[in-house]
Amino acid sequence: MRKLVVSLAALAAALAGPALAQTVAITNARVLTAGPAGEIAHGLVLIDKGKITAVLDQTTVRLAFAPGTQVIDAQGGVVTPGFIAPNALLGAVEVRSLGDDVVANNPDIGAAFDVQYALNPASTLIPVARMAGITRAVVTPISAGGGGGGADFHADDGEELMTAGGGGGTKSAALFAGQAAVIHLGEATDILVKPKVGMVVPFGDGGANVAGGARGAEIVALQTAFRDVRDYMRNRAAYDRAGVRDLALSKTDLEALIPVVEGRMPIIAVVHKASDIRAVLKFAREEKIKVILSGAEEGWMAAREIAAAGVPVIVDPLSDRPETFQTLGASLENAGKLHAAGVTVILQGSGGAHRIRELRYNAGNAVSYGMPYQAALAAMTINPAKVFGLADKVGSLEPGKDADLVIWTADPFEPLSQPTAIFIRGQAQPLTSRQIELRDRYKDLSGPYPVAYPKP
């Protein structure tokens, strides 16, 4: 069979417009595109001007590389899209015992709380997550007193996470934890990609806690809050003149909830028990709002209803311990059963900060308990990209998308596999972290002390 001869420079110009001084070609790779092309056993990926310009079967083309092209031989390794981590705390926490920027215990600010304003691109946790193949993350607030973002179940240090606050007081602001934002994990001074991608709302025990102790009280309070938002939208001028009845929420919270009631922003419902999941689905249907389920340890018990509603689910596939009465039905087969029922599944790591790097390990465990391999890959790439409105930029290896990708020594779901190159928006990222640097600094104790520690 004759091979098509393709000029790399011409291909880059045709697909991406004016080329940069240097393009990147990744050759001899097993490419898992997570897109329409599926898996390419002998693939080639072309990057130019921060974008993917071609994903090809190397056996069908013979490329003439232009001068200055950086050619990376993957040597049979695996290339995947960069992973997208939901329920992240990256950029908003270092050590939880010293405080964080994901919990707002303020009686006047709930829905209006926005994590985008306190992101720290210099966080030492970001390189650790990046070394695990994570190139984007959804930073999610946590409710004061009610949990949130799916990160309320376990702290990153293995201890139970206790959030600030108690019962939420007399203000309805406590019903809402705040707004999530998408970040990229590249080296930059501004890591914000997309703000206001979801409104976190605790349900079940967490929702009951902030609403006065009963699940029914929370549903009624939420119905009242959304009715107030709609009244405010119709009577903004009267509100400013103090010509309307008293509303349960502050003006800033009312404004923040307008995209929710208009269907432009989903609520991220932190919920665990099957009966609570069904209550959330009913509430969303009646209020005509979009919803994403987060946690959903008993989701498999309501899988048909979730699939029929077209609601995506964020799950930790390793969450299988019945630690509360909300999770008596938790199962390692949860992710696989949800997928089999037709639910859009998004996988998360076992924690939002220090253990978020375990996302790829969790995907491997999901596969071992029944989730198809390609479905698990999609649950870390194209699925979260679609759910959070990023699919036109990332989530799969396709021409025109941002060059967020990772080259692995072997199967990324295997713990011993390591990244040999990481690209975010086409920029190669350093393969190091503070932990790696400390390891290297003190690896050889027989030599001279580091500069900061001279011998006496």
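Numbering of residues begins from 1 in every chain and follows the order in which that chain's sequence is written. Two thresholds apply to this predicted model, a pLDDT of at least 70 for residue-level local features and 80 or more for giving and counting side-chain atom pairs, whereas whole-chain, interface and lining totals are computed over all residues. Side-chain measures here rest on the full set of heavy atoms in the structure, leaving out hydrogens and waters.

Focus: the overall build of the protein
Strands are runs of DSSP state E lasting at least 2 residues, helices are runs of H or I lasting at least 4, and numbering of each runs from the N terminus. Counting its secondary structure elements, the protein contains 13 helices and 18 strands. Out of the 456 residues in the protein, the part that is buried amounts to 54%. Between two residues, a contact is recorded if the distance between any of their heavy atoms is within 4.5 Å. In the protein, the share of contacts with a sequence separation of at least 24, taken over all contacts with a separation of at least 6, comes to 68%. Each accessible area is a Shrake-Rupley result for a 1.4 Å probe, and residues are judged covered by the shown protein chains and nothing else. Only carbon and sulfur atoms are counted for the fraction: they give 53% of the accessible area of the protein, which is about 19500 Å². Think of it in three bands: with a 1.4 Å probe and only protein chains considered, a residue is buried below 20% of the maximum accessible area for its type, exposed above 50%, and partly exposed in between.

Some details on the side chain of Arg-130
Its place among the elements puts Arg-130 in helix 2 (residues 125-130). His is not counted here, nor are the chain ends, while Lys and Arg score as positive and Asp and Glu score as negative. By convention in these notes, a salt bridge is any Lys or Arg side-chain nitrogen within 4 Å of a carboxyl oxygen on Asp or Glu. The charged side chain of Arg-130 is buried without a salt bridge, its nearest counter-charge being Glu-187 at 4.5 Å. The term polar contact refers here to a pair of N or O atoms within 3.5 Å; inside protein, the definition further demands a hydrogen-donor-capable atom paired with an acceptor-capable atom, and it admits residues adjacent in sequence only when both atoms are side-chain atoms. At 2.6 Å, the side chain of Arg-130 forms a polar contact with the backbone oxygen of Leu-185.

Points about the sheet that holds strand 11 (residues 192-202)
Strand pairing is assigned whenever DSSP identifies at least 2 bridges connecting the two strands. The 8 strands lie next to each other as 8-9-10-11-12-13-14-15, forming an open sheet whose pairing is mixed. Lying at the two open borders of the sheet, with one neighbouring strand each, are strand 8 (83-88) and strand 15 (345-347). Each strand of the sheet is rotated relative to its neighbour by a mean of 25°, with strand direction disregarded. Relative to strand 15, strand 14 (residues 313-315) runs parallel, the two being bridged by 3 bridges. When the bridges of strand 15 are listed, Val-313 appears paired with Val-345. Helix axes use the C-alpha atoms of the stretch in contact, all axes being lines fitted to C-alpha atoms, and the angles between their N-to-C directions lie in the range 0 to 180 degrees.

What to know about the packing of helix 4 (residues 215-234) against helix 7 (residues 274-287)
Across the interface, helix 4 lies against helix 7 with an axial gap of 12 Å and an inter-helix angle of 20°. Viewed along their axes, helix 4 and helix 7 adopt a mutual orientation that is roughly parallel. The element helix 4 and its partner helix 7 pack so that their crossing is right-handed. Of the residues in helix 7, those in contact with Arg-215, Ile-219, Leu-222, Gln-223, Phe-226 and Arg-230 of helix 4 are Asp-276, Phe-283, Glu-286 and Glu-287. Only Asp, Glu, Lys and Arg are considered charged, only Ala, Val, Leu, Ile, Met, Phe, Trp, Tyr, Cys and Pro nonpolar, and every remaining residue, Gly among them, polar. For the contact of helix 4 with helix 7, the residue count by class is 4 nonpolar, 1 polar and 5 charged. By definition in this entry, angles of less than 35 degrees are roughly parallel, angles greater than 145 are roughly antiparallel, angles of 65 to 115 are roughly perpendicular, and the rest are oblique. We call a crossing left-handed when the near helix sits turned anticlockwise from the far one by less than a right angle, and right-handed when that turn is clockwise.

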